[in-house]
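# Commentary on secondary and tertiary structure
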Amino acid sequence: MSTLSDYLHDNARWLSAGVLLTCLSSFGQTFFIALFAADIQSAFNLSHGGWGTMYTVGTTASAIVMVWAGRQADIFRVRTLGAISLIALALACVAMAVNPWLWALPLVIFALRLTGQGMMSHIAAVAMARWFVATRGRALSIAALGFSMGQAFLPIAVVALMALLDWHVIWLLCAGIALLGVPLLMTLLSKERTPASMAQSSDSLGMSGLHWSRKDMLHHPLFWLMVPAILGPSAFNTAFFFHQVHYATVVGISTLQMVSYFPFFTAVTVIAMIATGALVDRLGTAKLLPFHQLPMVAAFVIFATHMLGLGWGFFFLALTAGAQATLIAAFWAEFYGTAHLGAIKAVAAAVMVLGSAIGPGLTGILIDFGIGIETQYIWVAVYFVLTSLSIWIGISTSRKLLPSAA
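Now for a look at the structure at hand. (Residues numbered from 1 in each chain as written. Predicted model: local features only at pLDDT ≥ 70, side-chain atom pairs only at ≥ 80, totals over all residues. Heavy atoms only, no water.)

### Quick word on the overall build of the protein
Condition: Under the DSSP-based scheme used, a helix requires at least four consecutive residues in state H or I and a strand at least two consecutive residues in state E, with every element numbered from the N terminus. Just to be clear, the radius of gyration here is over C-alpha atoms, and the globule rule we use is 2.2 Å times residues to the power 0.38. Using a 1.4 Å probe on the protein chains alone, a residue whose accessible area is under 20% of its type maximum counts as buried, one over 50% counts as exposed, and one in between counts as partly exposed. Any two residues having at least one pair of non-hydrogen atoms within 4.5 Å are treated as being in contact. To measure how exposed things are, a 1.4 Å probe is used in the Shrake-Rupley method; for residues, cover is taken only from the protein chains shown. Only four residue types enter the charge count, namely Lys and Arg as positive and Asp and Glu as negative; His and the chain termini do not. The atom standing in for a charge is NZ when the residue is Lys, CZ when it is Arg, CG when it is Asp and CD when it is Glu.
From N to C terminus, the protein includes 19 helices and zero strands. Radius of gyration (C-alpha) of the protein: 20 Å, near the 22 Å computed for a compact globule of 406 residues. Counting only C-alpha atoms, the protein reaches 55 × 45 × 40 Å along its principal axes. For the protein, with 406 residues in total, the buried portion stands at 54%. Taking all contacts inside the protein whose residues are at least 6 apart in sequence as the whole, residues at least 24 apart take part in 85%. For the protein, the exposed area adds up to about 16800 Å²; of that, 72% sits on carbon and sulfur atoms. When the 17 positive and 12 negative side-chain charges of the protein are each reduced to one mean point, those points stand 10 Å apart.

Here it is as structure tokens:
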């Protein structure tokens, strides 16, 4: 049996490509764009509500287009589609740097969200799930480390650069970094992934021993029972971090105290991703999925009541964030097969992106209507109780159709 070091050595180029794509997706992620919120609002004379509306419109549009764009992962090789997406992401970063028009701001947000959060994350997850079967969970968890790397280091780097450079220049630097990713990706994937390397790469079957199409998936109840579980973490994790300054004010702490929890959150997320990847390879996704969102219940109860302290809230939030990054991506391949994985996961990616559009907007509107953020978080906790029940119903009725026990 190969050791972890052997596994990493034998698959370094493909795993590194996954990490590269997920890390560079940061330029289209909420945590990164939000770093420039004050500058963008000042440049375009936007209120908090106006900026939130622009962001929601652009993100929602990107979710709609993802249904088509994500399907291209079934047609083009990763090195081709990844390079195209990186170039498009670089152009989106340039657009953010040079755009002078308010009417074009939602289009810029659309481009950043589609290419960054949408396509870069999607391509990486589809590639890992398709290339690896016996070690799919491990591969997905390693590739997802790029997300954590971006969250851990980019905010610090951007804040430091803001003391030296105009924010427009920083976006131009981001464009340059995205372009540098193109030759690096092409080099890493110059050798094609083959079935001989660790596991079969193209013949993983789903339920009933079939490769499911997107149409078949949409006509099966399991998908619709999973939708709340895909949408929820994206919606409410994004909302939590989007409104972090407001929440800090409500609970009576400084913004600096609030962000001091972020490194801890990132560390726990990484541990949860790696541990989940190992458990997926050993147990399959069916045994893990019904329980992975229960920590979110605990997290939002803590955020609402301050019970146990905020550190525990971030701990439980990170458990689900890490598990979700690996489990959901592995679920699509395990239950629906890999022949149409790009098209299938494109729908899931669209739901996820839509959630990230709904969450900040919905919570902001409720705040404006006098429903406090802490009251909202109690209902968010209830939501995740219901999503866990929905997952359990879907998995318990569908797992018997898997071609082998999972």
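### Some words on helix H15 (residues 262-283)
Which entries qualify depends on this criterion: What a helix should span is 1.5 Å times the count of its residues minus one.
In a regular helix each residue adds 1.5 Å, so 22 residues correspond to 32 Å; H15 covers 30 Å between its end C-alpha atoms and thus fits that length. Residues of H15 that are buried include every one of Phe265, Thr266, Val268, Thr269, Ala272, Met273, Thr276, Gly277 and Val280, and no others. Positive backbone phi, approximately 85 degrees, marks glycine 284, located one or two places after H15.

### Things to note about the nonpolar core
Proteins that are soluble and globular tend to have nonpolar side chains buried together. We count it as follows: Residues belong to a common nonpolar core when they are buried Ala, Val, Leu, Ile, Met, Phe, Trp, Tyr or Cys residues joined through side-chain atoms within 4.5 Å.
Grouped together as the largest cluster of nonpolar side chains are 123 residues, with contacts concentrated most on Trp51, Trp171, Phe300, Phe303, Trp332 and Tyr336. What phenylalanine 300 contacts, discounting residues up to four positions off in sequence, is Phe236, Leu317, Tyr377, Val380, Ala381 and Phe384.

### Regarding the packing of aromatic side chains
Basically, it comes down to this: Think of it this way: a Phe, Tyr or Trp ring, Trp meaning its six-membered ring, pairs with another when their centres are within 6.5 Å, and the plane angle makes it stacked under 30 degrees, edge-to-face over 60, tilted otherwise.
The tally for this structure, following the rule as stated, stands at 33 aromatic pairs. With a centroid separation of 5.7 Å and an interplanar angle of 55 degrees, the aromatic rings of phenylalanine 240 and tyrosine 247 are classed as tilted. Site record: aromatic cluster; members linked through ring pairs are Phe236, Phe240, Tyr247, Tyr261, Phe265, Phe300, Phe303, Phe314, Tyr377, Tyr383 and Phe384.

### Comments concerning helix H2 (residues 12-24)
Taking 1.5 Å as the rise per residue, H2 with 13 residues should run 18 Å; its terminal C-alpha atoms sit 18 Å apart, in good agreement. Every buried residue belonging to H2 is among Trp14, Leu15, Ala17, Gly18, Val19, Leu20, Leu21, Thr22 and Leu24, and all of these are buried.

### Thoughts on the packing of helix H6 (residues 78-98) against helix H10 (residues 167-188)
We count it as follows: Angular values range over 0 to 180 degrees, each being the angle between N-to-C directions of two axes fitted as lines to C-alpha atoms, with helices fitted over their stretch in contact. Oblique is the label for any angle not under 35 degrees, not over 145, and not in the 65 to 115 range, which are roughly parallel, roughly antiparallel and roughly perpendicular in turn.
At a minimum axis distance of 8 Å, the contact between H6 and H10 shows a crossing angle of 170 degrees. Taken together, the axes of H6 and H10 are roughly antiparallel relative to one another. Seen from H6, the contacting residues are Val78, Arg79, Gly82, Ala83, Leu86, Ile87, Leu89, Ala90, Cys93, Val94, Met96 and Ala97; seen from H10, they are Trp167, His168, Trp171, Leu172, Cys174, Ala175, Ala178, Leu179, Gly181, Val182, Leu185 and Met186.

### Some points on unusual backbone geometry
Of note in this structure, asparagine 45 is not a glycine but carries a positive phi near 55 degrees. With respect to the helices and strands, asparagine 45 occurs in the loop between helix H4 (37-44) and helix H5 (48-69). Judged by its relative accessible area of 71%, asparagine 45 falls in the exposed class.

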